[in-house]
Amino acid sequence: MMSSPDRLAVRESLAMMSGYHSPQLDVAVRLNTNESPVPPPEGWAEALRAAQADIDWHRYPDRGAHELRAALAKHEGVAPEQVFAANGSNEVLQCLMLAFGGPGRVALTFEPTYALHSHISRLAATEVVTGERDEDFSLDAEYASAMVAEHRPAVTFLCSPNNPTGMVEPPELVERLLAKVSALPGLLLMDEAYGQFDPYTAVDLVDESRPLAVARTYSKTWSMAAARLGYLVAPSWVVAELEKSTLPYHLDTMKQIAGRLALDYEDEMNERVGMLVAERERIAAGLDQLPVRHWESGANFILLRPDSGDGEAVWEGLVDRSVLVRNCSSWPRLSGCLRVTVGTPAENDAFLSALSEVLT
Ligand SMILES: *Cc1c(COP(=O)(O)O)cnc(C)c1O
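Residues numbered from 1 in each chain as written. Predicted model: local features only at pLDDT ≥ 70, side-chain atom pairs only at ≥ 80, totals over all residues. Heavy atoms only, no water.

K.L.:
Which residues make up the sheet that holds strand β7 (residues 212-217), and what values do they have?
P.N.:
In a beta sheet, neighbouring strands pair by backbone hydrogen bonds and run either parallel or antiparallel. Strands sit in the order β2-β8-β7-β6-β5-β3-β4 across an open sheet of seven strands; the sheet is mixed. Looking along the sheet, the strands with just one partner apiece sit at the ends: β2 (83-86) and β4 (127-132). When strand polarity is set aside, the average angle formed by the axes of neighbouring strands in this sheet is 25°. In the sheet, β7 pairs with strand β8 (residues 230-233) via four bridges, with the strands oriented antiparallel. (Pairing = 2+ DSSP bridges. Helix = DSSP H or I, 4+ residues; strand = E, 2+ residues; numbered from the N terminus. Axes fitted to C-alpha atoms, helices over the stretch in contact; angles between N-to-C directions.)

Here it is as C-alpha coordinates:
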(Lines give C-alpha, C1' and ligand atoms only; values in the text may rest on other atoms or scores of the structure.)
Protein backbone atom coordinates (compact mmCIF):
# COMPACT_ATOMS: atom_id res chain seq x y z
CA MET A 1 0.00 0.00 0.00
CA MET A 2 1.26 3.51 -0.82
CA SER A 3 1.60 5.76 2.16
CA SER A 4 -0.04 9.11 1.63
CA PRO A 5 1.98 12.14 2.73
CA ASP A 6 -1.23 13.79 3.94
CA ARG A 7 -2.27 11.03 6.26
CA LEU A 8 -1.44 11.21 9.93
CA ALA A 9 0.82 8.33 10.97
CA VAL A 10 0.22 6.42 14.18
CA ARG A 11 2.55 7.22 17.04
CA GLU A 12 6.01 5.77 16.59
CA SER A 13 5.77 3.10 19.25
CA LEU A 14 2.60 1.68 17.70
CA ALA A 15 3.98 1.60 14.17
CA MET A 16 6.35 -1.15 15.30
CA MET A 17 3.55 -3.37 16.56
CA SER A 18 1.50 -5.88 14.65
CA GLY A 19 -1.49 -6.18 16.98
CA TYR A 20 -3.04 -9.37 18.25
CA HIS A 21 -4.32 -11.88 15.73
CA SER A 22 -5.82 -15.31 16.13
CA PRO A 23 -7.38 -16.39 12.84
CA GLN A 24 -11.14 -17.08 13.13
CA LEU A 25 -11.53 -19.76 10.45
CA ASP A 26 -14.77 -21.58 9.73
CA VAL A 27 -14.03 -25.16 10.80
CA ALA A 28 -15.94 -27.97 12.53
CA VAL A 29 -13.58 -28.32 15.49
CA ARG A 30 -12.28 -25.08 17.03
CA LEU A 31 -9.46 -25.72 19.50
CA ASN A 32 -7.43 -22.54 19.07
CA THR A 33 -8.40 -19.93 21.67
CA ASN A 34 -8.73 -21.85 24.93
CA GLU A 35 -12.44 -21.17 25.28
CA SER A 36 -14.69 -23.61 27.08
CA PRO A 37 -16.20 -26.11 24.63
CA VAL A 38 -19.47 -26.15 26.57
CA PRO A 39 -21.92 -23.32 27.33
CA PRO A 40 -22.61 -22.05 30.85
CA PRO A 41 -25.40 -23.78 32.83
CA GLU A 42 -28.94 -23.38 31.50
CA GLY A 43 -30.03 -22.18 34.97
CA TRP A 44 -27.66 -19.24 34.65
CA ALA A 45 -29.00 -18.32 31.20
CA GLU A 46 -32.57 -18.41 32.56
CA ALA A 47 -31.69 -16.31 35.60
CA LEU A 48 -29.98 -13.78 33.32
CA ARG A 49 -33.01 -13.54 31.04
CA ALA A 50 -35.25 -12.95 34.06
CA ALA A 51 -32.93 -10.31 35.54
CA GLN A 52 -32.71 -8.51 32.21
CA ALA A 53 -36.39 -7.60 32.45
CA ASP A 54 -35.63 -5.37 35.45
CA ILE A 55 -32.71 -3.40 34.00
CA ASP A 56 -33.15 0.37 33.97
CA TRP A 57 -31.85 0.77 30.44
CA HIS A 58 -32.13 4.56 30.52
CA ARG A 59 -29.70 4.77 33.47
CA TYR A 60 -25.92 4.41 33.53
CA PRO A 61 -24.67 1.25 35.24
CA ASP A 62 -23.49 1.12 38.85
CA ARG A 63 -20.11 2.74 38.33
CA GLY A 64 -18.43 0.87 41.18
CA ALA A 65 -20.02 -2.48 40.21
CA HIS A 66 -20.70 -2.93 43.91
CA GLU A 67 -22.85 -6.06 43.85
CA LEU A 68 -20.55 -7.84 41.42
CA ARG A 69 -17.47 -6.94 43.43
CA ALA A 70 -19.08 -7.99 46.70
CA ALA A 71 -20.00 -11.36 45.17
CA LEU A 72 -16.50 -11.82 43.73
CA ALA A 73 -14.93 -10.82 47.05
CA LYS A 74 -16.99 -13.45 48.83
CA HIS A 75 -16.07 -16.00 46.17
CA GLU A 76 -12.34 -15.27 46.49
CA GLY A 77 -12.30 -14.76 50.28
CA VAL A 78 -11.16 -11.10 50.18
CA ALA A 79 -12.73 -7.68 50.84
CA PRO A 80 -14.80 -5.92 48.13
CA GLU A 81 -12.22 -3.09 48.13
CA GLN A 82 -9.68 -5.69 47.01
CA VAL A 83 -11.55 -6.54 43.80
CA PHE A 84 -11.49 -4.65 40.50
CA ALA A 85 -13.63 -5.84 37.57
CA ALA A 86 -13.28 -4.93 33.89
CA ASN A 87 -14.09 -5.98 30.33
CA GLY A 88 -11.98 -9.12 30.30
CA SER A 89 -8.75 -9.55 32.18
CA ASN A 90 -7.12 -7.83 29.21
CA GLU A 91 -8.83 -4.59 30.25
CA VAL A 92 -7.77 -5.27 33.83
CA LEU A 93 -4.16 -5.43 32.62
CA GLN A 94 -4.61 -2.33 30.51
CA CYS A 95 -5.90 -0.36 33.51
CA LEU A 96 -3.01 -1.69 35.58
CA MET A 97 -0.42 -0.60 33.05
CA LEU A 98 -2.08 2.80 32.52
CA ALA A 99 -1.96 3.34 36.28
CA PHE A 100 1.41 1.84 37.18
CA GLY A 101 3.33 1.70 33.89
CA GLY A 102 3.99 4.57 31.50
CA PRO A 103 6.97 6.53 30.18
CA GLY A 104 10.17 5.96 32.12
CA ARG A 105 8.85 2.76 33.68
CA VAL A 106 9.63 -0.86 32.93
CA ALA A 107 7.51 -4.01 32.67
CA LEU A 108 9.29 -7.37 32.97
CA THR A 109 8.07 -10.53 31.25
CA PHE A 110 9.60 -13.99 31.05
CA GLU A 111 9.16 -15.46 27.58
CA PRO A 112 7.54 -17.45 26.21
CA THR A 113 4.38 -16.24 27.90
CA TYR A 114 1.06 -14.56 27.09
CA ALA A 115 1.75 -12.07 24.28
CA LEU A 116 -0.70 -9.51 25.66
CA HIS A 117 1.49 -8.79 28.70
CA SER A 118 4.17 -7.12 26.60
CA HIS A 119 1.69 -5.84 24.02
CA ILE A 120 -0.50 -4.02 26.56
CA SER A 121 2.59 -2.70 28.35
CA ARG A 122 3.85 -1.15 25.13
CA LEU A 123 0.42 0.27 24.34
CA ALA A 124 0.66 2.00 27.71
CA ALA A 125 4.07 3.42 26.66
CA THR A 126 5.94 1.22 29.10
CA GLU A 127 9.37 -0.15 28.24
CA VAL A 128 9.31 -3.96 28.12
CA VAL A 129 12.29 -5.93 29.37
CA THR A 130 12.21 -9.53 28.18
CA GLY A 131 13.49 -12.23 30.49
CA GLU A 132 14.03 -15.74 29.18
CA ARG A 133 12.78 -19.08 30.43
CA ASP A 134 14.97 -22.17 30.28
CA GLU A 135 14.83 -24.71 27.44
CA ASP A 136 12.12 -26.67 29.30
CA PHE A 137 10.13 -23.41 29.82
CA SER A 138 10.76 -23.31 33.56
CA LEU A 139 11.96 -20.08 35.12
CA ASP A 140 15.13 -20.07 37.20
CA ALA A 141 14.41 -18.26 40.48
CA GLU A 142 17.97 -16.97 40.84
CA TYR A 143 17.95 -15.53 37.34
CA ALA A 144 14.44 -14.06 37.69
CA SER A 145 15.40 -12.34 40.96
CA ALA A 146 18.53 -10.92 39.36
CA MET A 147 16.45 -9.54 36.45
CA VAL A 148 14.14 -7.79 38.93
CA ALA A 149 17.11 -6.34 40.83
CA GLU A 150 18.79 -5.15 37.63
CA HIS A 151 15.83 -3.62 35.77
CA ARG A 152 13.69 -2.48 38.72
CA PRO A 153 10.39 -3.08 36.88
CA ALA A 154 7.25 -1.26 37.99
CA VAL A 155 5.33 -4.40 37.03
CA THR A 156 6.68 -7.94 36.87
CA PHE A 157 4.44 -10.41 35.03
CA LEU A 158 4.01 -14.08 35.81
CA CYS A 159 1.37 -16.32 34.27
CA SER A 160 0.35 -19.52 36.04
CA PRO A 161 -0.56 -21.84 34.46
CA ASN A 162 1.51 -20.19 31.77
CA ASN A 163 0.05 -19.63 28.33
CA PRO A 164 1.17 -21.14 25.93
CA THR A 165 3.33 -23.68 27.76
CA GLY A 166 0.78 -24.87 30.35
CA MET A 167 3.38 -24.79 33.10
CA VAL A 168 2.39 -23.98 36.69
CA GLU A 169 4.88 -21.73 38.49
CA PRO A 170 6.32 -23.27 41.67
CA PRO A 171 5.09 -21.48 44.85
CA GLU A 172 8.72 -20.91 45.97
CA LEU A 173 9.40 -18.92 42.80
CA VAL A 174 6.29 -16.78 43.26
CA GLU A 175 7.14 -16.02 46.88
CA ARG A 176 10.75 -15.26 46.11
CA LEU A 177 9.89 -12.86 43.29
CA LEU A 178 7.24 -11.24 45.45
CA ALA A 179 9.84 -10.53 48.13
CA LYS A 180 12.20 -9.06 45.51
CA VAL A 181 9.48 -6.91 43.97
CA SER A 182 8.32 -5.67 47.40
CA ALA A 183 11.77 -4.28 48.10
CA LEU A 184 11.93 -2.15 44.91
CA PRO A 185 9.08 -1.13 45.28
CA GLY A 186 7.13 -2.70 42.40
CA LEU A 187 4.11 -4.87 41.66
CA LEU A 188 3.91 -8.57 40.85
CA LEU A 189 1.07 -9.38 38.48
CA MET A 190 0.02 -13.02 38.47
CA ASP A 191 -2.17 -13.86 35.49
CA GLU A 192 -4.38 -16.77 36.56
CA ALA A 193 -6.69 -16.93 33.54
CA TYR A 194 -6.43 -20.73 33.90
CA GLY A 195 -6.13 -20.77 37.68
CA GLN A 196 -8.98 -23.18 38.39
CA PHE A 197 -7.47 -25.90 36.19
CA ASP A 198 -4.70 -26.45 38.74
CA PRO A 199 -4.82 -26.54 42.56
CA TYR A 200 -2.21 -23.79 43.04
CA THR A 201 -3.34 -20.18 43.30
CA ALA A 202 -1.59 -17.00 44.44
CA VAL A 203 -4.90 -15.49 45.57
CA ASP A 204 -4.16 -16.83 49.07
CA LEU A 205 -1.11 -14.55 49.20
CA VAL A 206 -3.03 -11.35 48.44
CA ASP A 207 -2.78 -9.02 51.39
CA GLU A 208 -2.80 -5.27 52.01
CA SER A 209 0.89 -5.42 52.91
CA ARG A 210 2.05 -7.24 49.75
CA PRO A 211 2.37 -5.74 46.23
CA LEU A 212 0.72 -8.75 44.60
CA ALA A 213 -2.20 -8.58 42.15
CA VAL A 214 -3.88 -11.69 40.71
CA ALA A 215 -5.89 -11.44 37.47
CA ARG A 216 -8.68 -13.90 36.74
CA THR A 217 -11.31 -14.14 34.03
CA TYR A 218 -14.75 -15.50 33.20
CA SER A 219 -13.53 -16.30 29.68
CA LYS A 220 -12.15 -19.80 30.27
CA THR A 221 -13.30 -21.70 33.36
CA TRP A 222 -16.69 -19.97 33.56
CA SER A 223 -17.54 -20.67 29.88
CA MET A 224 -18.23 -16.96 29.35
CA ALA A 225 -15.76 -15.74 26.73
CA ALA A 226 -18.57 -13.85 24.96
CA ALA A 227 -19.27 -11.77 28.08
CA ARG A 228 -15.82 -10.11 28.20
CA LEU A 229 -15.48 -10.02 31.96
CA GLY A 230 -12.41 -10.37 34.14
CA TYR A 231 -11.21 -9.15 37.51
CA LEU A 232 -8.23 -8.47 39.71
CA VAL A 233 -7.71 -9.49 43.33
CA ALA A 234 -5.23 -7.03 44.85
CA PRO A 235 -4.54 -4.75 47.82
CA SER A 236 -7.17 -1.99 48.08
CA TRP A 237 -4.58 0.71 47.29
CA VAL A 238 -3.94 -0.93 43.92
CA VAL A 239 -7.66 -1.21 43.19
CA ALA A 240 -8.19 2.46 44.08
CA GLU A 241 -5.60 3.51 41.47
CA LEU A 242 -7.14 1.30 38.79
CA GLU A 243 -10.47 2.99 39.35
CA LYS A 244 -8.78 6.23 38.30
CA SER A 245 -7.36 4.75 35.09
CA THR A 246 -10.55 3.16 33.77
CA LEU A 247 -13.27 4.90 31.77
CA PRO A 248 -16.41 5.81 33.69
CA TYR A 249 -19.22 3.22 33.49
CA HIS A 250 -16.99 0.81 31.56
CA LEU A 251 -18.84 -2.24 32.88
CA ASP A 252 -22.37 -2.36 31.51
CA THR A 253 -25.29 -3.36 33.72
CA MET A 254 -26.01 -6.59 31.86
CA LYS A 255 -22.44 -7.77 32.30
CA GLN A 256 -22.38 -6.94 35.99
CA ILE A 257 -25.50 -9.05 36.48
CA ALA A 258 -24.15 -11.88 34.30
CA GLY A 259 -20.96 -12.08 36.33
CA ARG A 260 -22.74 -11.98 39.68
CA LEU A 261 -25.26 -14.66 38.72
CA ALA A 262 -22.54 -16.95 37.37
CA LEU A 263 -21.03 -17.26 40.84
CA ASP A 264 -24.20 -19.07 41.97
CA TYR A 265 -23.14 -21.92 39.69
CA GLU A 266 -19.72 -22.65 41.10
CA ASP A 267 -20.39 -26.40 41.45
CA GLU A 268 -21.28 -26.60 37.76
CA MET A 269 -18.13 -24.65 36.90
CA ASN A 270 -16.00 -27.05 38.92
CA GLU A 271 -17.70 -29.97 37.20
CA ARG A 272 -16.82 -28.59 33.77
CA VAL A 273 -13.26 -27.93 34.91
CA GLY A 274 -13.03 -31.53 36.16
CA MET A 275 -14.24 -32.87 32.82
CA LEU A 276 -11.68 -30.75 30.93
CA VAL A 277 -8.81 -31.80 33.23
CA ALA A 278 -9.70 -35.47 32.65
CA GLU A 279 -9.88 -34.86 28.90
CA ARG A 280 -6.55 -33.02 28.99
CA GLU A 281 -4.92 -36.12 30.47
CA ARG A 282 -6.62 -38.31 27.87
CA ILE A 283 -5.26 -36.12 25.06
CA ALA A 284 -1.79 -36.24 26.67
CA ALA A 285 -1.98 -40.06 26.72
CA GLY A 286 -3.00 -39.99 23.04
CA LEU A 287 -0.08 -37.73 22.18
CA ASP A 288 2.28 -40.18 23.94
CA GLN A 289 1.47 -42.61 21.12
CA LEU A 290 2.35 -40.16 18.33
CA PRO A 291 5.64 -38.72 17.01
CA VAL A 292 5.29 -35.45 18.92
CA ARG A 293 6.82 -33.88 22.00
CA HIS A 294 4.33 -32.37 24.41
CA TRP A 295 4.58 -30.48 27.69
CA GLU A 296 2.81 -31.20 30.95
CA SER A 297 -0.06 -28.76 31.36
CA GLY A 298 -1.98 -27.36 34.34
CA ALA A 299 -4.44 -25.58 32.03
CA ASN A 300 -7.09 -26.42 29.41
CA PHE A 301 -4.61 -26.67 26.56
CA ILE A 302 -1.47 -28.57 25.63
CA LEU A 303 1.62 -27.32 23.80
CA LEU A 304 3.10 -29.83 21.37
CA ARG A 305 5.82 -30.03 18.77
CA PRO A 306 5.80 -32.61 15.97
CA ASP A 307 9.10 -34.52 15.84
CA SER A 308 9.36 -33.48 12.18
CA GLY A 309 9.73 -29.90 13.43
CA ASP A 310 7.30 -28.73 10.73
CA GLY A 311 4.47 -27.33 12.83
CA GLU A 312 3.21 -25.24 9.93
CA ALA A 313 2.58 -28.29 7.71
CA VAL A 314 0.89 -30.15 10.56
CA TRP A 315 -1.29 -27.12 11.32
CA GLU A 316 -2.38 -26.99 7.67
CA GLY A 317 -3.02 -30.74 7.63
CA LEU A 318 -5.31 -30.31 10.63
CA VAL A 319 -7.16 -27.37 9.02
CA ASP A 320 -7.67 -29.56 5.93
CA ARG A 321 -9.42 -31.99 8.27
CA SER A 322 -11.52 -29.14 9.75
CA VAL A 323 -9.59 -29.00 13.04
CA LEU A 324 -8.21 -25.60 14.06
CA VAL A 325 -5.44 -25.38 16.67
CA ARG A 326 -3.18 -22.44 17.50
CA ASN A 327 -0.21 -22.19 15.20
CA CYS A 328 2.71 -21.04 17.37
CA SER A 329 5.31 -22.46 15.00
CA SER A 330 6.70 -19.11 13.95
CA TRP A 331 6.63 -17.53 17.42
CA PRO A 332 9.96 -16.80 19.05
CA ARG A 333 11.20 -19.72 21.23
CA LEU A 334 8.32 -21.93 20.06
CA SER A 335 9.64 -23.00 16.69
CA GLY A 336 7.49 -25.79 15.26
CA CYS A 337 4.99 -25.73 18.13
CA LEU A 338 1.20 -25.98 18.12
CA ARG A 339 -1.19 -25.40 20.99
CA VAL A 340 -4.39 -27.39 21.24
CA THR A 341 -7.29 -26.36 23.47
CA VAL A 342 -9.07 -29.17 25.32
CA GLY A 343 -12.54 -29.58 23.79
CA THR A 344 -15.43 -31.97 24.28
CA PRO A 345 -14.59 -35.71 24.19
CA ALA A 346 -15.84 -35.87 20.58
CA GLU A 347 -13.75 -32.84 19.54
CA ASN A 348 -10.66 -34.28 21.21
CA ASP A 349 -11.20 -37.58 19.41
CA ALA A 350 -11.49 -35.68 16.12
CA PHE A 351 -8.24 -33.82 16.91
CA LEU A 352 -6.32 -36.98 17.87
CA SER A 353 -7.43 -38.94 14.83
CA ALA A 354 -6.75 -36.00 12.46
CA LEU A 355 -3.31 -35.52 14.02
CA SER A 356 -2.55 -39.20 13.74
CA GLU A 357 -3.55 -39.12 10.05
CA VAL A 358 -1.37 -36.06 9.39
CA LEU A 359 1.65 -37.51 11.16
CA THR A 360 1.59 -41.07 9.83
C1 LIG B 1 -7.30 -16.10 27.70
C2 LIG B 1 -6.34 -15.37 28.57
C3 LIG B 1 -6.76 -14.23 29.24
C4 LIG B 1 -8.17 -13.82 29.12
O5 LIG B 1 -8.36 -12.57 28.72
P6 LIG B 1 -9.85 -12.02 28.79
O7 LIG B 1 -9.62 -10.62 28.37
O8 LIG B 1 -10.29 -12.15 30.20
O9 LIG B 1 -10.68 -12.83 27.87
C10 LIG B 1 -5.88 -13.60 30.09
N11 LIG B 1 -4.64 -14.08 30.29
C12 LIG B 1 -4.23 -15.18 29.68
C13 LIG B 1 -2.87 -15.72 29.97
C14 LIG B 1 -5.05 -15.85 28.78
O15 LIG B 1 -4.62 -16.94 28.15
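There's more to say after this.
K.L.:
Which residues make up the side chain of H250, and what are the values?
P.N.:
By the secondary structure assignment, H250 is in the loop between α8 (236-245) and α9 (253-262). Its relative accessible area of 17% is what places H250 among the buried residues. At 3.1 Å, the side chain of H250 and the side chain of E91 are in polar contact. When sequence neighbours within four positions are dropped, the list of residues in contact with H250 reads F84, A85, A86, N87 and E91. (Buried < 20%, exposed > 50% of the residue type's maximum accessible area, 1.4 Å probe, protein only. Polar contact = N/O pair within 3.5 Å; in protein donor to acceptor, adjacent residues only side chain to side chain. Contact = heavy atoms within 4.5 Å.)

K.L.:
Account for the site of the ligand, naming residues and giving values.
P.N.:
Taken together, 13 residues surround the ligand, and among them S89, Y194, T217, S219 and K220 come closest. In the model, an oxygen atom of the ligand is placed 2.6 Å from a nitrogen or oxygen of the S89 main chain. Here R228 contributes a side-chain N or O atom positioned 2.6 Å from an oxygen atom of the ligand. Top element by residues in the shell around the ligand is helix α4 (residues 88-100). It accounts for three residues. Residues belonging to the shell around the ligand are distributed by class as follows: four nonpolar, six polar and three charged. (Near = heavy atom within 4 Å. Nonpolar A, V, L, I, M, F, W, Y, C, P; charged D, E, K, R; others polar.)

K.L.:
Could you give an account of the pairing of strand β3 (residues 106-111), with specific residues and numbers?
P.N.:
Counting buried positions along β3 yields six of six residues, so the element is predominantly enclosed. By the bridge criterion, six bridges tie β3 to β4 in an arrangement that is parallel. Counted as the bridge partner of E111 is E132 from β4. Assessed by its sense of winding, the connection that carries the chain from β3 through helix α5 (residues 115-123) to β4 is right-handed. Bridge count for β3 against strand β5 (residues 155-159) is two bridges, and the pairing is parallel. Across the sheet, residue A107 finds its bridge partner in β5, namely V155. (Right-handed = clockwise from strand over helix to strand, strands pointing away.)

K.L.:
Can you explain α4? Please cite residues and give values.
P.N.:
Along its 13 residues, α4 runs 19 Å from first to last C-alpha, staying within 8% of the 18 Å computed at 1.5 Å per residue. Buried within α4 are the following residues: G88, S89, E91, V92, L93, C95, L96, M97 and F100. Among the residues trailing α4, G102 stands out with phi positive, at a value near 105°. (Expected span 1.5 Å × (residues − 1).)

K.L.:
An account of the domain arrangement of the chain is requested, with residue identities and associated values reported.
P.N.:
Examined at the domain level, the chain breaks down into domain 1 (12-41 + 267-359) and domain 2 (56-264). The centre of domain 1, based on its C-alpha atoms, is set 24 Å off from the matching centre of domain 2. Between domain 1 and domain 2, the contact holds 29 residues from the first and 29 residues from the second. Between domain 1 and domain 2, roughly 2,400 Å² of surface is buried when both sides are summed, and carbon and sulfur atoms account for 67% of that area. Looking at the side of domain 1 facing domain 2, the largest losses of area belong to M17, M269 and R333, adding up to 25% of the total buried there. Counting across the domain 1 and domain 2 interface gives one salt bridge. Taking the shortest distance from any N to any O, the salt bridge between R333 and E132 comes out at 2.5 Å. Inspection of the domain 1/domain 2 interface yields seven residue pairs in polar contact (both at pLDDT 80 or more). Counting residues per element, the ones that place at least two in the side of domain 1 that touches domain 2 are α10 (266-288) and β10 (301-306). Within the side of domain 1 that touches domain 2, the residues separate by chemical class into 16 nonpolar, seven polar and six charged. (Domains from an automatic or database assignment. Buried area = accessible area lost by both parts, 1.4 Å probe. Salt bridge = Lys/Arg side-chain N within 4 Å of Asp/Glu carboxyl O.)

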